[in-house]
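The lines below spell out each chain.
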Amino acid sequence: MTTTAPAFPRTVAGRARWAVSDSLAMAHRNPLRLVYEPEEVVLALLVPVMMALVFGYVFDDAMSGDPATYREFLLPGIFAQTMLYGIAGTATGVATDVQRGVVDRFRSMPTARSAVVTGRSIADMLRGMADVALIIGCGLLIGWRWHDGLLSAAAAIGLILLLRLAFTWVGIYLGLVVHTPDAASLAVYPAAFPLTVLSNVFVAPEQMPPWLGAIAEWTH
């Protein structure tokens, strides 16, 4: 008994449907993998919550003297920081697949070549949406509110997710060029941490020394 390989789509529309179908299949694979590694998801989701709680309650008086005002100032920065730190998870996941030969096996199969990376980006965007939803819930609990209506809030969330999409592709590229998952993770945090600290995420630039305030104004 013999089997025949799927015919390669010859039309542009056929190739597009083929690529979308394979990308969705790859995207479905990543959440299934996390079922066997739930600690990865739990730890990743806890980080932004802990940042919001620690800075919102421990440092609120020291930072501004007005806890409620500071928490509303803090939360937009936590959103941006979480999207930036998402690069580490993406890069580590891609590097792990490369190291284990998963990417090579998928490329040897009759699948769209773009599906491996586009599927990863879709899965990581779903994870980014979970991050945003969790931070919104945490922010509402500690007193953060939006003030310009639901439409403006939805537009802001859309911009945050677009930022996550851009960072996701940075993480995919980084995961493909580094040699090990550990190197992928270590390459992100030394660059990401200064970018978030030397900005207006936690402290207004006016409260910094002049030269640091100038850097923060430029990076924010």
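Residue numbering note: each chain is counted from 1, following its sequence as written. The predicted nature of this model means local features are confined to residues of pLDDT at least 70 and side-chain atom pairs, given and counted, to a pLDDT of 80 or more, with totals for whole chains, interfaces and linings taken over all residues. The basis for every side-chain value is the complete set of heavy atoms in the structure, and neither hydrogens nor water enter the calculation.

Digging into the overall build of the protein chain
The condition that has to hold: Each helix is a run of DSSP H or I of at least 4 residues and each strand a run of E of at least 2, with the numbering of both proceeding from the N terminus. When a residue's accessible area, from a 1.4 Å probe over protein chains only, is under 20% of the maximum for its type it is buried; when over 50% it is exposed; and in between it is partly exposed. Any two residues whose heavy atoms approach within 4.5 Å are treated as being in contact.
A count of helical and extended segments in the protein chain gives nine helices and zero strands. For the protein chain, the succession of helices and strands along the chain, N to C, is α-α-α-α-α-α-α-α-α. Counting only residues that meet the buried cut, the protein chain has 40% of its 220 residues in that class. Contacts in the protein chain between residues at least 24 apart in sequence constitute 76% of all its contacts with a sequence separation of at least 6.

Brief notes about the nonpolar core
Basically, it comes down to this: The term nonpolar core refers to a set of buried residues drawn from Ala, Val, Leu, Ile, Met, Phe, Trp, Tyr and Cys, joined through side-chain atoms within 4.5 Å.
Of all hydrophobic cores here, the largest spans 33 residues; its most connected members are L74, L75, F79, L84, V132, V188 and F202. Contributions of two or more residues to this core are made by α4 (67-99), α6 (115-141), α7 (149-177), α8 (181-197) and α9 (210-219). The greatest single-element share of this core, amounting to twelve residues, is contributed by α4. Discounting chain neighbours no more than four positions away, the residues touching L75 are I135, G139, I142 and W144. Listed in part, the eight residues of the second largest apolar core include V103, F106, A115 and V116.

Observations regarding the confidence of the model for the protein chain
As a note on interpretation, predicted positions should not be read in detail where pLDDT is low. Inclusion rule: pLDDT gives the predictor's per-residue confidence on a scale running from 0 to 100.
Model confidence for the protein chain is summarised by a mean pLDDT of 81, while 87% of its residues fall at 70 or above. Across residues 1-5, where pLDDT falls below 50, the model places zero contacts with residues more than four positions away in sequence or in other chains.

Regarding α6
Filter applied, for reference: Working rule for helices: expected span equals 1.5 Å times residues minus one.
With 27 residues, α6 extends 39 Å between its outermost C-alpha atoms, agreeing within 8% with the 39 Å of an ideal straight helix rising 1.5 Å per residue. One or two positions beyond α6, positive phi appears at G143, with a value near 110°.

Considering the environment of F59
Note that F59 resides in the loop between α2 (38-58) and α3 (60-63). Put simply, F59 and F202 are 143 residues apart on the chain and 9.5 Å apart in space, counted from C-alpha to C-alpha.

Here we look at the packing of α2 against α6
As a reminder of what qualifies: Axis angles are defined between N-to-C directions and span 0 to 180 degrees, where every axis is a line fitted to C-alpha atoms and, for a helix, only to the segment in contact. Here the word oblique covers every angle except those under 35 degrees (roughly parallel), over 145 (roughly antiparallel) and from 65 to 115 (roughly perpendicular). The hand of a helix crossing depends on one turn: near helix anticlockwise from the far one by less than a right angle means left-handed, and clockwise means right-handed. By the convention adopted, Pro, Cys, Tyr, Trp, Phe, Met, Ile, Leu, Val and Ala count as nonpolar, Lys, Arg, Asp and Glu as charged, and the other residues, Gly among them, as polar.
Between α2 and α6, the least distance of the axes is 10 Å, while the angle of their chain directions is 30°. Relative to α6, the element α2 lies roughly parallel. With respect to the hand of their crossing, α2 and α6 are arranged in right-handed fashion. Each of E40, A44, L45, P48, V49, A52, L53 and Y57 in α2 lies in contact with α6, whose residues at this interface are R127, D131, L134, I135, C138 and L141. Partitioned by chemical class, the residues of the contact of α2 with α6 number eleven nonpolar, no polar and three charged.

Re the packing of aromatic side chains
Under the convention used in this document: Under the pairing criterion, centres of Phe, Tyr and Trp rings, with the six-membered ring standing for Trp, must be within 6.5 Å; the plane angle then separates stacked pairs below 30 degrees from edge-to-face pairs above 60, leaving the rest tilted.
Applying the stated criterion to the full structure yields three aromatic pairs. Taken together, a centroid distance of 5.5 Å and an interplanar angle of 65° make the contact between Y85 and Y189 edge-to-face. Taken together, the residues span a long stretch of sequence, with Y85 in helix α4 and Y189 in helix α8 at a distance of 104 residues. Under the relative-accessibility criterion, Y85 is labelled buried at 16%. With a relative accessible area of 39%, Y189 lands in the partly exposed category.

Some remarks on the side chain of D131
With respect to the helices, strands and loops of the structure, D131 is situated in helix α6. Residues contacting D131, with those up to four places away along its chain left out, are L45, T82, M83 and R164.

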